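Results of the structural survey
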Amino acid sequence: MKLTNRSKVVSNKKMTLGEKIYLPAIAQGMAITLKHAFKKNEATYQYPEQVKPRAKVWRGHHVLKRDEEGRERCTACGLCAVACPAEAITMTAAERTKDEKHLYREEKYAEIYEINMLRCIFCGMCEEACPKSAIYLTDRLVDAENNRTSFIYGKDKLVEDINNRIDISDRQTEKQKNAVK
Ligand code: SF4
Ligand code: SF4
């Protein structure tokens, strides 16, 4: 086959042995690797000892809020479940008895309330749909688990601990703050 002028120039160029076995390229790559290995990287967080700061409105797992008297706000109306695009929320409603007035704010309450955290996409639609300011997403992370059923969070994990209240005021809009007194 006839070689063009350009092909002749390339084929005539003598490569050294080092170039042939890519030594310069390997050395260059290693130099970059070592430079980064010993460089102090400010962007790396040593999790879990060091936790990356999150925005106030960051959406982690939910809390079912209590009112100022410690009663559960949720009335099991089901609006959050209807609004949920992932169909992650299920509940069973029950009637409050006379003796339970100190436990539940309204006559109806959620006897069972569950969120499947594997389905949840943390969109916040349940929070927006709730007319009782009962459900909020918090900055808490969903724990790692090694079986699927542990990701179904019931009231034991969702209802606010009466002795360890969660301040969600930063997340509330003015409308939400004034919605339920
Ligand atoms: S955050 Fe979104 S996906 Fe998760 S339970 Fe609420 S509405 Fe459903
Ligand atoms: S959390 Fe709110 S929207 Fe959902 S059932 Fe309870 S009161 Fe209704």
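Residues numbered from 1 in each chain as written. Chains lettered and ligands numbered in written order. Predicted model: local features only at pLDDT ≥ 70, side-chain atom pairs only at ≥ 80, totals over all residues. Heavy atoms only, no water.

A word on the overall build of the chain
Rules: A run of H or I in DSSP becomes a helix once it reaches four residues, and a run of E becomes a strand once it reaches two; helices and strands are each numbered from the N terminus. Categorising residues by exposure relies on relative accessible area from a 1.4 Å probe, with only protein chains included: less than 20% of the type maximum marks a residue as buried, more than 50% marks it as exposed, and the intermediate range marks it as partly exposed.
Looking only at helices and strands, the chain has seven helices and five strands in total. Put simply, the chain runs from its N terminus to its C terminus through helices and strands in the order α-α-α-β-α-β-β-α-β-β-α-α. Overall, the C-alpha framework of the chain stretches about 100 × 40 × 35 Å when taken along its three principal axes. Burial analysis of the chain (181 residues in total) assigns 30% to the buried set.

With respect to the site of ligand 2
For the record, the criterion: Working definition: residue near molecule or strand if any one of its non-hydrogen atoms lies within 4 Å of it. Three categories are distinguished: nonpolar for Ala, Val, Leu, Ile, Met, Phe, Trp, Tyr, Cys and Pro, charged for Asp, Glu, Lys and Arg, and polar for the others, with Gly belonging to the last.
Around ligand 2, a shell composed of 14 residues is seen, among which C74, C77, G78, C80 and C130 lie nearest. Considered class by class, the residues forming the shell around ligand 2 number 11 nonpolar, two polar and one charged.

Some words on the side chain of H61
Convention followed: In what follows, a contact means two residues having at least one pair of non-hydrogen atoms within 4.5 Å.
With respect to the helices, strands and loops of the structure, H61 is situated in the loop between α3 (23-37) and β1 (62-64). Apart from residues no more than four positions distant in its own chain, H61 is found in contact with M117, F122, Y136, L137, T138, R140, L141, V142, Y153, K157 and L158.

Remarks on the site of ligand 1
The local shell around ligand 1 holds 13 residues, among which C84, C120, I121, C123 and C126 are the closest. Partitioning the shell around ligand 1 into residue classes produces 11 nonpolar, two polar and no charged.

Structural notes on unusual backbone geometry
Across residues other than glycine, the phi torsion is negative in most instances, and most of the peptide bonds are trans. With an omega of 10°, the peptide bond between Y47 and P48 qualifies as cis. Turning to its location among the elements, P48 is positioned in the loop between α3 and β1. For F122, which is not glycine, the phi dihedral falls at a positive 55°. In this fold, F122 is placed in the loop between β3 (108-116) and α5 (125-129). Given the relative accessible area of 22%, F122 is considered partly exposed.

Regarding the packing of aromatic side chains
Heads up, the rule is: When the centres of two rings from Phe, Tyr and Trp lie within 6.5 Å, Trp using its six-membered ring, the rings pair. Their planes under 30 degrees apart give stacked, over 60 give edge-to-face, and anything left gives tilted. Placement of a positive charge over a ring is assigned whenever Lys NZ or Arg CZ falls within 6 Å of the ring centre and within 35 degrees of the normal to the ring plane.
Tallying each qualifying case throughout the model produces one aromatic pair. Centroid distance Y104 to Y109: 3.6 Å. Interplanar angle 5°. Geometry classified as stacked. A single burial state applies to Y104 and to Y109, both of which are buried. In this structure, R54 packs its charged tip against the face of W58, placed 4.6 Å from the ring centre.

Digging into the nonpolar core
To keep it simple, the criterion reads: Take the buried Ala, Val, Leu, Ile, Met, Phe, Trp, Tyr and Cys residues and link them wherever side-chain atoms come within 4.5 Å; each set so joined is a nonpolar core.
Core analysis: the biggest nonpolar cluster contains 22 residues, and I89, Y113, I115, M117, I135 and L158 have the highest contact counts within it. Here the element with the most residues in this core is β3; it accounts for three residues.

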